[in-house]
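# Summary of the model geometry
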Amino acid sequence: MGEGSKHCLDEWPVLTAGHHDSFSSSDIKAKAASKWDLIRPFFLILTLHSLAIYLFTRGFLLTRTELSSFSHCSDQFESPCSIHFPINDSSFSGDRPLNASDNSQCWTRPAVDRLVIIVLDALRFDFVAPSIFFEEKKPWMDKLEVLQKLASDEAMKARIFKAIADPPTTSLQRLKGLTTGGLPTFIDVGNSFGAPAIVEDNLIFQLANNGKRVLMMGDDTWVQLFPHHFNESYPYPSFNVKDLDTVDDGVIKHLLPSLLNDNWDVLIAHFLGMDHAGHIYGVDSTPMIQKLEQYNTILEEVVEVLKNQSGPGGLHENTLFIVMGDHGQTLNGDHGGGTAEEVETSLFALSLSNSSAPVASVLDNNYCHLDLDGNKICIGTFQQLDFSVTMASLLGIPFPFGSIGRVNLELYALIRRTWETCIKGDEKFGSHSQLESWMLNYVNNLCVNSWQVKRYIDLYSITSVIGLPAEDLRYINSLYSQAQGSWLDIMKLAFSFENGTHISIKDGAASVLQRQIDAYSRFLEAVAELARSAWTEFNLTLMGFGLSMMLTSIFIHLFFIGRVNAISKSYYPFPGSSTVSFTLITVIAFVAIRAVSFLSNSYILAEGRVASFLLGTSGILNLWLSFDTGEVAAENYLFLVLNILIRFGIESGMSKETLGSSFSIVRSFASNGIEKGWSLLISLLELLPIVVLWILVIFLYIITFRKSTSKILKLFFTMGNILSCMLMSVHWILESNMIAASAELVNFAKIFAPRIIYSIGLLLFVILAFSLTGNKKDMILASNPTEALAIVATGMLSAWSSTILVLLGRQGPYVALIFILGAWCITRLKRAAEVDDESATATGFIADPTPVLQWSLLAGCLFFYTGHWCSFDGLRYAAAFIGFEHFNIVQQGILLTIDTFGVSHIIPVLSLPFLVISKHQIYKKKQPAGLLFIYLTQAFLMYGLITAVTTALTIICVTIQRRHLMVWGLFAPKYVFDALGLLLTDALICVGSLFYY
């Protein structure tokens, strides 16, 4: 073992007080043991937190019980809705069912023969609805003109609906909800990158099971959800959000030719480009406008083909055409939460059958405006919960067993066959009788609908783990009993019989049938409301155990902090008051304020501003204390300026252009004819991040070469940083199209340059780990432990920073510069505050944890500054595809994790040694060098404690708010992000302790 290694080992303090001069082999073992005594608490805390979060998650994020029951055609004999009519008697008894005229009927009479569903992923409501329905016209409005024109010109056959989705609004949950007719479950968000096959009853299964041929093309999520249900499918990979055209081009290739074939009954075409354009560029962007215009052209061609084949005997004589979104998107192009922009999407329906039915008498005309041509256009409402049962009703197949939706009245009225009587006879009906015939058909559908929902609720309450509240069950049972109890009376009031065989609808039956429709509707609405308010099963026992263990871990955390502080005093007894200081009270207050704010959904939405406010307030307190001492450092003012910059960044949000190319900005200027005048400024804006990046590399180079360490190690890290910087520069320059380059060079910059950067970072990490093992410590150890710690910390940051910077895009260098300046201010201010000209003694971290708090707040602010937030629409999915074209759950998952937690967890935790080094260097002449690692242990423990306290309050918050309307849209995502952040913080501290100690 070299002299440097022996020297470093000698600096380790024994946990018992006393000094040391020389060491035997047993002394060395004792000192090695003391190192593990300092490291062991980190692993214990990680274990406790993991177990606490596991137990709480098992209790909180339970999915609803998926029943294994399926609906079958034979179930119709159990239904109370097939009323039997007399043959020779005026009383209601006998063997003739109401719907006996149609031998092909299963549960309901088929109303359409073929169904064409075009899904436009992330279709906002204002993409389809005319701009006259909004206060201000936006650039993306009125682009789907073909749908607006159809809704205006053919109001009796076509209609635009505002469709309301249930959060979470990720594609997997929405497709599952659309096909099963049930509410989505939060836990499935984690499966969005690997959709499991749906095992419960669903619309696609019923179609396949009842002889309907289904053709699918587009988003491959459908094939993952329904792997064995399509007669033919053309799936395309869907997770590369940077790819706007592959899926859409594949759909276009197969869609129009398929419309002319008769080898399918249901066609599903799922376009994805609009969703990806939103994720990358946002709604108000040129690529989004171009996608909408492209879709308008495609839809025009589709409508033309359908109409040409809709004549008598034509292929699409009785086809229903649906254009719909699975969810909406925010102006930033994100989705997953429960905001109005995310849950409001559109559904357009066009019936191709010719009809003279009085449709207008049924449709709701409350939401209507005159378009630019003076024609009235109306918007209906549609709950996506109703999609599955409505389609099943129109196609005449059994309703999915777990569906709790309602057959949509307005969509049902658009179909011609729903206005035809289902009673056998030759009588002619006038318009009034035609309306009553439609009402009879609809009320029969609602009867079957209500019966199905009731039997599902009954079975669910018996077989599920917890079931539904007894009081709510009694209420919905009473509503069903009232509705079903009047069914026989309604039939008597609505029908009359002549000569024992002739059945007709009585005059005035409409009001009677309307009352029955209202009765069934009240029952179905009550079930949906109950499901939304109390569907999720919470295991309060597991939640309680998890919360209790989390609170226990905090007390254990405090115990270890006190123990390490006692060790530092016994090892080096410094003077100073042991009473609770003003700064300690302030830190406790700040942590408490931030943690308690999570009890409010409004403060969770404003979490970035709260963190920025607290960080700025701590800076103001530092400035105030400096005024008291009469020495105001320039760092005080710089720290406040940095906080102002961070606050503006959080308020405005980072542009989506920062993630990829800003070439679209140039293109925007060009489209307005001002590219020439702004070209120099645009070029400077493109080059500025690269300039800042090289400044950071030079800064790192200076730090590295100032340390007395191995020349070989210096060479590796210096060359690695320079090469990464060069590759990053090439990647950004060619991505922005600033200079003309060959396709091969562009492909290298786009694909291979990021991969090489990732490989360099991994290689540097491996080299650092290898150099710290066994006798190879001589390669890195410097003349004293303080420099050795600085070298290892610098190496760790070098290994991680290049990957994090390239994932952050052009904002990365700015964020890194802000963090470096902020960290420098914190360390300098702490150093100035601790220097006592008379005694030059330290008071220890336990007396003033302010710098650790500021470190934590700075990390939290940068999380929001870089465009992240604690919801699944806050994930920057495009970052996961930097350097990759195709989806792989492992590699994309790793990159997405690094992008999400890089500047908020990885860099702050691994850079904590610099805060300790700054403190230790002040007293290097008066303190044993071994005390450095006790200070580092204190810093790690305190940083982890702050994270643990905020996470514990988040757990308390979601426990209290588990029945809140925003629990799945806001509180649950916040819990997931905080829980993962805590575990990552603990894991990084454990890894850091192994490298640094």
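The structure under discussion appears in the preceding block.
Rules behind the numbers
Residues numbered from 1 in each chain as written. Predicted model: local features only at pLDDT ≥ 70, side-chain atom pairs only at ≥ 80, totals over all residues. Heavy atoms only, no water. Axes fitted to C-alpha atoms, helices over the stretch in contact; angles between N-to-C directions. Helix = DSSP H or I, 4+ residues; strand = E, 2+ residues; numbered from the N terminus. Left-handed = near helix turned anticlockwise from the far one by under 90°. Contact = heavy atoms within 4.5 Å. Nonpolar A, V, L, I, M, F, W, Y, C, P; charged D, E, K, R; others polar. Salt bridge = Lys/Arg side-chain N within 4 Å of Asp/Glu carboxyl O. Buried < 20%, exposed > 50% of the residue type's maximum accessible area, 1.4 Å probe, protein only. Disulfide = S-S within 2.5 Å. Phe/Tyr/Trp six-rings, centres within 6.5 Å; stacked < 30°, edge-to-face > 60°. Lys NZ or Arg CZ within 6 Å of the ring centre and 35° of its normal. Expected span 1.5 Å × (residues − 1). Patch = residues over 30% accessible without salt bridge, like charges linked within 9 Å, V, L, I, M, F, W, Y side chains within 5 Å. Areas by Shrake-Rupley, 256 points an atom, 1.4 Å probe, with all protein chains shown as cover. Pairing = 2+ DSSP bridges.

Moving on: the packing of helix 27 (residues 785-808) against helix 30 (residues 889-910). Helix 30 packs onto helix 27 with a crossing angle of 145° between their chain directions and a minimal axis gap of 9 Å. Helix 30 is crossed by helix 27, and the crossing has left-handed handedness. Along its contact with helix 27, which presents Ala793, Met796, Leu797, Trp800, Thr803, Ile804, Leu807 and Leu808, the element helix 30 presents Leu895, Ile898, Asp899, Gly902, Val903, Ile906, Ile907 and Leu910. Classifying every residue of the contact of helix 27 with helix 30 gives 13 nonpolar, two polar and one charged.

To continue, consider the pattern of salt bridges. A full pass over the atoms with the stated rule returns 22 salt bridges. As a salt-bridge pair, Glu154 and Lys157 come within 3.6 Å of each other at their nearest N and O atoms. For the pair formed by Glu154 and Lys157, the shared burial category is buried. A salt bridge links Lys454 to Asp458; the nearest nitrogen and oxygen atoms lie 2.7 Å apart. Of this pair, Lys454 and Asp458 both sit in helix 14 (residues 431-463), four residues apart, which is roughly one turn of the helix.

Glancing now at the side chain of Ser856. As for its position among the elements, Ser856 is in helix 29 (residues 850-865). Those residues within four positions of Ser856 in sequence are excluded, and the remaining contacts are Arg594, Tyr943 and Ile946.

Our focus in this paragraph is the state of the cysteines. Across all of its chains, the model carries three disulfides by this definition. Each sulfur of the disulfide joining Cys81 and Cys447 lies 2.0 Å from the other. Its S-S torsion of approximately -90° makes the covalent link between Cys81 and Cys447 left-handed. Taken together, the residues Cys81 in the loop between helix 2 (25-60) and strand 1 (84-85) and Cys447 in helix 14 connect sequence positions 366 residues apart. The disulfide partner of Cys368 is Cys378, and the S-S distance across this bridge is 1.9 Å. Taking the torsion about the sulfur-sulfur bond, which here is approximately 110°, the covalent link between Cys368 and Cys378 counts as right-handed.

The next thing to look at is unusual backbone geometry. Notably, Ala122 is not glycine yet its phi reads approximately 65°, a positive angle. In this structure, Ala122 sits in the loop between strand 3 (114-120) and helix 3 (125-128).

Here the focus is the packing of aromatic side chains. Inspection of the entire model under this criterion finds 26 aromatic pairs. With 5.9 Å between their ring centres and 45° between their planes, Tyr456 and Tyr460 make a pair best called tilted. With a gap of four residues between them, Tyr456 and Tyr460 both fall in helix 14, about one helical turn apart. Its relative accessible area of 1% is what places Tyr456 among the buried residues. Since its relative accessible area comes to 0%, Tyr460 is described here as buried. When the ring centre of Phe125 is taken as reference, the NZ or CZ atom of Lys162 above it lies at 4.9 Å. The ring of Phe752 is capped by Arg755, whose NZ or CZ atom sits 5.7 Å from the centre of that ring.

Over its 30 residues, helix 32 (residues 931-960) runs 43 Å from end to end, which matches the ideal 44 Å to within 8%, given 1.5 Å per residue. Burial within helix 32 is extensive, with 28 of its 30 residues counted as buried.

The next thing to look at is the environment of Met141. Tracing the backbone shows Met141 in the loop between helix 3 and helix 4 (145-153). In sequence terms Met141 and Arg124 are 17 residues apart; their C-alpha atoms lie 10.0 Å from each other. If we skip the residues at most four places from it in the chain, Met141 touches Asp126, Ser131, Phe134 and Glu136.

Taken together, the side chains of Leu723, Met726, Leu745, Phe748, Phe752 and Ile756 present a nonpolar region at the surface, about 490 Å² in accessible area. Elements with a minimum of two residues in the nonpolar patch: helix 25 (711-735) and helix 26 (743-771). No other element matches the four residues that helix 26 contributes to the nonpolar patch. Mapping Phe752 onto the fold places it in helix 26. Judged by its relative accessible area of 40%, Phe752 is partly exposed.

Turning our attention to the pairing of strand 5 (residues 214-219). With six of six residues buried, strand 5 is to be regarded as a mostly interior element. Here five bridges tie strand 5 to strand 7 (residues 266-271), and the two strands are oriented parallel to one another. The residue bridging Met216 from the neighbouring strand is Ile268, located in strand 7. Relative to strand 6 (residues 232-236), strand 5 runs parallel, the two sharing five bridges. Across the sheet, the residue bridging to Met217 is Tyr234, located in strand 6.

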